[in-house]
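# An overview of the molecular structure
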Amino acid sequence: MTSEQDEINAVSLEAYGRIIRTWKLSQREAAGLADMSDSMWQRAKAPDFTGTLTHDQLLRLSAIVGIYAALEQYFSDPLAKTWFTRPNTGPLFHGARPIDVAIAGGLPQILTIRNYVDALNCGT
């Protein structure tokens, strides 16, 4: 792995870690959302992590950062910080929590949720 890739991984994991703490996600939720085992997430969140993230994992982290930013822009606190973990009756969620839908649907669903919250900000 190149030092550039190391830096991308470190920045991505740091941003993701901040979001996980802000959203108060469990270890299992954080790992599932990032498509990691619990033990991999435990290692990845350490500041000295030197492992490799897959392309899928990096895309997931990037999309989560985008979801977080859009929610912070669209909603005020505390809803911005809790929206992802609250039951939602919207058409994508059918009463489920967005996090559960994202974990179950993987990267395609995470990207769909990202588009959904971006659309909220655009008024479409």
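Scope of this entry: the structure provided in the associated data block.

What counts, and at which threshold
- Just so you know, the residues in each chain are numbered from 1, in the order the chain's sequence is written.
- Whole-chain, interface and lining totals are the exception, using all residues; otherwise, since this is a predicted model, local features are given only for residues with pLDDT of at least 70 and side-chain atom pairs are given and counted only at 80 or more.
- Excluded from the side-chain calculations are hydrogens and water; all other atoms, namely the structure's heavy atoms, are used.
- The axes are straight lines fitted to the C-alpha atoms, using for helices just the contacting stretch, and the angles between their N-to-C directions are given from 0 to 180°.
- Secondary structure counts use DSSP, requiring at least four H or I residues in a row for a helix and at least two E residues in a row for a strand, with both numbered from the N terminus.
- In this scheme, roughly parallel covers angles under 35 degrees and roughly antiparallel covers those over 145, while 65 to 115 is roughly perpendicular and the rest are oblique.
- For any helix crossing, the convention is left-handed if the near helix is rotated counterclockwise from the far helix by under a right angle, and right-handed if that rotation is clockwise.
- We call two residues contacting when some pair of their heavy atoms lies within 4.5 Å.
- Amino acids outside the nonpolar list (Ala, Val, Leu, Ile, Met, Phe, Trp, Tyr, Cys, Pro) and the charged list (Asp, Glu, Lys, Arg) are all regarded as polar, and Gly is one of them.
- Burial classes follow relative accessibility: with a 1.4 Å probe on protein chains only, a residue under 20% of its type's maximum area counts as buried, one over 50% as exposed, and anything between as partly exposed.

Where helix 4 (residues 55–74) meets helix 6 (residues 98–122), the axes come as close as 9 Å, and the angle between the chain directions of the two elements is 25 degrees. Of the possible angle classes, the one that applies to helix 4 and helix 6 is roughly parallel. Our pair here, helix 4 against helix 6, has a crossing hand that is left-handed. Packed against helix 4, whose contacting residues are Asp56, Leu59, Arg60, Ser62, Ala63, Ile64, Gly66, Ile67, Ala70, Leu71, Gln73 and Tyr74, the element helix 6 presents Gly106, Leu107, Ile110, Leu111, Ile113, Arg114, Val117, Asp118, Leu120 and Asn121 at the interface. Here the residues of the contact of helix 4 with helix 6 are counted per class, giving 13 nonpolar, five polar and four charged.

To continue, consider unusual backbone geometry. With an omega of 5 degrees, the peptide bond running from Asp77 to Pro78 counts as cis. Locating Pro78 in the fold gives a position in the loop between helix 4 and helix 5 (79–82). Here the phi dihedral of Lys24 falls at roughly 60 degrees; this positive angle occurs in a residue that is not glycine. Note that Lys24 resides in the loop between helix 1 (3–23) and helix 2 (27–33). On the accessibility criterion, Lys24 (72% relative accessible area) is exposed. Of note in the backbone geometry, Asp35 takes a positive phi value of approximately 60 degrees without being a glycine. Its location among the elements puts Asp35 in the loop between helix 2 and helix 3 (38–44). By relative accessible area, which is 42% here, Asp35 ends up partly exposed.

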